[in-house]
Amino acid sequence: MSWFGLFKSKKTETEKASLSQRLGEGLAKTRARMAGIGNIFKRDVIDEDTIETLEDTLLSADVSIPTCNVIIDGIKARAKQSDPQTAFRDTLIDLIQPLKSDLTVTEGIKPYVILVVGVNGSGKTTTIGKLTKKLQQEGKRVMLAAGDTFRAAASEQLATWGERNNVPVIRQAPGADPAAVIFDAYQSAQARGSDVLIADTAGRLQNQSGLMDELAKIRRVLGKAEADAPHETLLVIDGTTGQNALQQAKLFKDIAHVTGVVVTKLDGSARGGMIFTLAHELAIPVRFIGVGESVDDLQLFDPDAFVDTLLDDN
Amino acid sequence: MFGNLSDRLQSTFKNLSGQGRITETNIQATVREVRMALLEADVALPVVKQFTEQVRERALGAEVLSALSPAQAFIKVVNDALVDIMGGERREINLRAAPPVVILMAGLQGAGKTTTVGKLGRFLTGQHKKKVMVVSADVYRPAAIDQLETVATQAGLTFFPSNTSQKPVDIAKAAIAEAKRKLMDVVIVDTAGRLAIDDAMMDEIKALHAAINPTETLFVVDAMTGQDAANTAKAFSEALPLTGVVLSKADGDSRGGAALSVRMITGAPILFAGMGEKLDALEVFHPDRMASRILGMGDVVSLVEQVTRDVDMAKAEKLAKKVKKGKKFDLEDLRDQMLQMQSLGGVGSLMGKLPGMGQMAGQVDSAKGDKEVNRMVAIINSMTPQERKFPDIIKASRKKRIAKGSGVEIQDVNRLLKQHQQMAKMMKKMAGGGMAKMMQMMKGGMAGGMPPGMPPFR
Ligand SMILES: Nc1nc2c(ncn2[C@@H]2O[C@H](COP(=O)(O)OP(=O)(O)OP(=O)(O)O)[C@@H](O)[C@H]2O)c(=O)[nH]1
Ligand SMILES: Nc1nc2c(ncn2[C@@H]2O[C@H](COP(=O)(O)OP(=O)(O)OP(=O)(O)O)[C@@H](O)[C@H]2O)c(=O)[nH]1
Ligand SMILES: [Mg+2]
Ligand SMILES: [Mg+2]
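Below is a short write-up of the structure. Just so we're clear, the structure is a prediction, and the values are computed from it rather than from any experiment. (Residues numbered from 1 in each chain as written. Chains lettered and ligands numbered in written order. Predicted model: local features only at pLDDT ≥ 70, side-chain atom pairs only at ≥ 80, totals over all residues. Heavy atoms only, no water.)

Each helix and strand in chain A was counted, giving 11 helices and eight strands. A total of 314 residues make up chain A; the buried ones form 60% of that total. Surface exposure of chain A reaches about 11,800 Å², of which carbon and sulfur atoms provide 47%. (Helix = DSSP H or I, 4+ residues; strand = E, 2+ residues; numbered from the N terminus. Buried < 20%, exposed > 50% of the residue type's maximum accessible area, 1.4 Å probe, protein only. Areas by Shrake-Rupley, 256 points an atom, 1.4 Å probe, with all protein chains shown as cover.)

See the structure below:
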């Protein structure tokens, strides 16, 4: 069952948005493998079979059951005015459109502090490497703080990304207090006149309250240097995550005051349907999506393109 | 989420009329709930479909213990099937090969491979007294080799150095040769994370596998993985002859349905669960715990099991028959039921386990509830057998004597009699009967804090 092959795309080639291009490369391989469930929208009415197919499609993309129900209701409501295909596309886009709000580094705040949090292995450190390059391209001077003092070789990993982008990385010995590392990095970013400080943190599962408290502590300590810091707290969610993504977003939002989400690994066969669930349940903007392991594989979230990529029939 | 599901099941149970067998009709709603539970637990849709269909077919026509409802009985079948599937062919890690035994790790990016290498190495050193060498064939991820070196040092394993300019096959071969020289028992080969749809990287690991012919090829999967577990497991098992699965990050609060997806799709047994970042956080996989976790009906499942185990089946069946035949539900029967309830751990314990009653258990004072049950039993004990069989004969003077004998007020005796009357009426309405039925009936009226007809707790 797949998103793909659901529709015969009515769009012209030129209308295809940027996301599809890179994301599409990865997805094309998947699509090629999936038998189209074919042309259910050739019919003019949405019948039970169609609904069931749509439901299956949404569920196999990791959309939660309640969100799936909301989407199906939306489609049914729209189907009266527009053709089923448009109804489906528009319902999906309308749902995630409010999450479109790009990260902007406020002029005049210097250094602008971005704290990066998330569960283990979701792609935090890699995202920092990619984001550094993006911000540099906007003319920002970036510094990194190796706030993961726990995981084996975490700071070496961040240091490599620092070298690749040619930016300084503030690190301390393994086991150092992450709040202290980030606080020191703030002061050094200030001293050196950096525009942006991006702080890495160790992966932690949201049910580990001790480790979650550590994030609260980092906020407190940073707040002593600059009351509004961190100015942005990015939650990095692995795109292959299932229903747990919502729980992650809820708890990290509560404790770490997440202001933006990055969904990674969307170059794989996972469909990232959790974005719909997040849109339905929590209003945290999706800032970027990760589509690979290289430094350029970070894209702005584009709701139209996201939906189109999922619906495109190659 | 667990609570919600239980609540939904409650309504499923409510709609049941007591039938002695699992039929299409009496489990239809339950099949739907189980399907939802599996989806909410991240079991992949094709696996959900295949699994529920198999289980439904197996369950149809099965006889239901009188203490259970068909819905409960079906959930037991589902639970047992989950345990069977995930625990079938359970085995230890295979070290029966000429040393050094080679273990190859495979999986998506960030799944937990490198950490698992350290944990597994530590486990084999400690538990099996093996000499373990580890080596990284991850020449892509920044500091991947450093990471394994650190992990190896922490776990006290022999680390074979490699560098990013080498080829994975060369690295692994060199490590195995060195391990032979050093008389190591095991070599664990870490690999880079890769996407199942990345043909070049899948070819790389295929070639690596062919070159080193590992005894174990372990697929590491993150317990938080969603529907994609199916695609990924399929692709990895097509590329590699997977011999086992490690479920990482099982210390989180995900429901872990990926375990079922991966098990059904790859056919490989789940050997271990990762329970934390520390190197001792590796556990032998427990299929029964995982089944309850996936179903999210841990409460229901354990209740069903307890009922099956503890209820005096002979008595329960006798009562069921009696009620079926339209015989009266007398005070003797009421007392039996009360005593059985107590033997199951009392009101509080039962309520905690009943669907939809989880939160209620906190609200109802279970100590008082248990006391009430004791009091009711005491009242019945003070009656003559004749009175228990024919409660109608209990008039004012008898009530006085009974109250005195059991140390309660006359109102208490009245309440008990009234309650018994109502229960008898309801029992009559039910074709089947038994413990579970009574409990359902009770919980139906629990909204107001009390079973129908039960005296309010004081
Ligand atoms: N294919 C793909 N891989 C990614 C992406 N983002 C990160 N990765 C890979 O995922 C793995 C984990 O990434 P990290 O950046 O180390 O993740 P992390 O969240 O910092 O991990 P911890 O610090 O251990 O919690 C690495 O192998 C990355 O190369 C992505 O967008 N696509
Ligand atoms: N909580 C928890 N974290 C784990 C577990 N296993 C691994 N991790 C963490 O998950 C993250 C990723 O683990 P790695 O061992 O680097 O994963 P990997 O598969 O080697 O990643 P790549 O090499 O980038 O593909 C790290 O932060 C680990 O500490 C586990 O069982 N529980
Ligand atoms: Mg990291
Ligand atoms: Mg690794």
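Another point: the packing of aromatic side chains. The description of an aromatic ring pair uses the distance of the two centres, along with the angle that the planes make with each other. For the coordinates displayed, the defined rule picks out four aromatic pairs over all chains. Ring geometry for B:Phe219 versus B:Phe236: centroids 5.1 Å apart, planes at 40°, classification tilted. Residue B:Phe219 is located in strand β5 (residues 216–222), and its partner B:Phe236 is located in helix α9 (residues 228–239); the two are separated by 17 residues in the primary sequence. Each member of the aromatic cluster is reached from another via a ring pair, and the members are A:Phe276, A:Phe301 and A:Phe306. (Phe/Tyr/Trp six-rings, centres within 6.5 Å; stacked < 30°, edge-to-face > 60°.)

Close contacts around ligand 2 come from 25 residues, with B:Gly112, B:Lys113, B:Thr114, B:Thr115 and B:Arg141 the closest. Among the chains of the assembly, those with residues near ligand 2 are chains A and B. At a separation of 2.7 Å, an oxygen atom of ligand 2 approaches a polar side-chain atom of B:Lys113. Here B:Gln147 contributes a side-chain N or O atom positioned 2.9 Å from an oxygen atom of ligand 2. (Near = heavy atom within 4 Å. Polar contact = N/O pair within 3.5 Å; in protein donor to acceptor, adjacent residues only side chain to side chain.)

Residue and element names in this part refer to chain B. With seven of seven residues buried, strand β1 (residues 101–107) is to be regarded as a mostly interior element. Of the two faces of β1, both are covered, the one formed by Val101, Ile103, Met105 and Gly107 as well as the one formed by Val102, Leu104 and Ala106. Here β1 runs beside strand β4 (residues 186–190); their pairing, made up of four bridges, is parallel. Residue Val101 lies in a different strand from β4, and its bridge partner there is Val186. Alignment of β1 against β5, held across five bridges, turns out to be parallel. Counted as the bridge partner of Gly107 is Val220 from β5. (Pairing = 2+ DSSP bridges.)

Here we take up helix α10 (residues 258–266) of chain B. Counting buried residues along α10(B), seven of its nine residues qualify, which places the element largely inside the surrounding structure. Within α10(B) the residues assigned to the buried category are B:Ala258, B:Ala259, B:Leu260, B:Ser261, B:Val262, B:Arg263 and B:Thr266.

On to the side chain of B:Glu178, then. In this structure, B:Glu178 sits in helix α7 (residues 168–181). Since its relative accessible area comes to 18%, B:Glu178 is described here as buried.

What follows covers the packing of helix α3 (residues 65–79) of chain A against helix α10 (residues 274–281) of chain A. Residues and elements named next belong to chain A. Relative orientation of the contacting elements α3 and α10 amounts to 85°, with a least axis distance of 9 Å. Considered as vectors, α3 and α10 are oriented roughly perpendicular to each other. On α10, the residues that touch Pro66, Thr67, Val70 and Ile71 of α3 are Phe276, Thr277, His280 and Glu281. When the residues that make up the contact of α3 with α10 are grouped by side-chain class, the tally is four nonpolar, three polar and one charged. (Axes fitted to C-alpha atoms, helices over the stretch in contact; angles between N-to-C directions. Parallel < 35°, antiparallel > 145°, perpendicular 65-115°, else oblique. Contact = heavy atoms within 4.5 Å. Nonpolar A, V, L, I, M, F, W, Y, C, P; charged D, E, K, R; others polar.)

For the rest of this paragraph, the subject is the pairing of strand β5 (residues 232–238) of chain A. Residue and element names in this part refer to chain A. Taking burial as the measure, the seven residues of β5 include seven buried ones, the bulk of the element. Neither face of β5 is left uncovered, since the one carrying Glu232, Leu234, Val236 and Asp238 and the one carrying Thr233, Leu235 and Ile237 both have all their residues buried. Pairing between strand β1 (residues 112–117) and β5: four bridges, direction parallel. Note that in β5 the partner of Val116 across the bridge is Leu234.

What follows covers the packing of helix α2 (residues 24–40) of chain B against helix α4 (residues 70–87) of chain B. Residue and element names in this part refer to chain B. Axis separation between α2 and α4 bottoms out at 9 Å; the angle between their running directions is 45°. On the basis of their axis angle, the class for α2 and α4 is oblique. Once α2 is placed against α4, the crossing between them reads as right-handed. Here Asn26, Ile27, Thr30, Val31 and Val34 of α2 lie close against α4, whose contacting residues are Pro70, Ala71, Phe74, Ile75 and Val78. (Left-handed = near helix turned anticlockwise from the far one by under 90°.)

Note on interface size: it is often stated as the accessible area lost on association of the parts. If you look at the interface, chain A gives 41 residues, while chain B gives 37 residues. With both chains or domains summed, chain A and chain B bury close to 3,400 Å², and 55% of this area falls on carbon and sulfur atoms. Taken together, chain A and chain B are joined by one salt bridge. Taking the shortest distance from any N to any O, the salt bridge between A:Asp56 and B:Lys49 comes out at 2.6 Å. Taken together, the links from chain A to chain B amount to 16 residue pairs in polar contact (both at pLDDT 80 or more). Those elements that place two or more of their residues in the side of chain A that touches chain B are α1 (18–33), α2 (48–59), α6 (154–165) and α9 (244–256) of chain A. For the side of chain A that touches chain B, the element with the highest residue contribution is α6(A), accounting for five residues. Taken together, the residues that form the side of chain A that touches chain B break down as 10 nonpolar, 20 polar and 11 charged. (Buried area = accessible area lost by both parts, 1.4 Å probe. Salt bridge = Lys/Arg side-chain N within 4 Å of Asp/Glu carboxyl O.)

Right, let's get into the side chain of B:His420. Residues and elements named next belong to chain B. With respect to the secondary-structure elements, His420 resides in helix α20 (residues 410–429). His420 gets classed as buried once you look at its relative accessible area, which sits at 4%. When sequence neighbours within four positions are dropped, the list of residues in contact with His420 reads Phe329, Asp330, Leu331, Leu334 and Pro391.

Around ligand 1, the surrounding shell holds 24 residues, and the nearest of these are A:Gly123, A:Lys124, A:Thr125, A:Thr126 and A:Glu293. Per-site note: the chains with residues close to ligand 1 are chains A and B. Within the side chain of A:Arg151, an N or O atom sits 2.8 Å from an oxygen atom of ligand 1. Here a nitrogen atom of ligand 1 and a side-chain polar atom of A:Asp267 are 2.9 Å apart. Contact with the protein chains removes 96% of the 650 Å² of surface that ligand 1 exposes when unbound.

Residues and elements named next belong to chain B. A sheet is described by the order of its strands in space; here eight strands give the open sequence β3-β2-β4-β1-β5-β6-β7-β8, paired in mixed fashion. Taken across any chain shown, the strands that pair with only one partner, and hence form the sheet edges, are β3 (158–160) and β8 (282–284). The sheet shows a mean angle of 25° between the axes of neighbouring strands, direction not considered. Of the pairings in the sheet, the one linking β5 to strand β6 (residues 244–248) comprises five bridges and is parallel in character. Looking at the pairing, Asp222 lines up with Ser248 of β6. Contacting β1, β4 and β5, helix α8 (residues 199–212) runs over the sheet at an angle of about 170° to β1.

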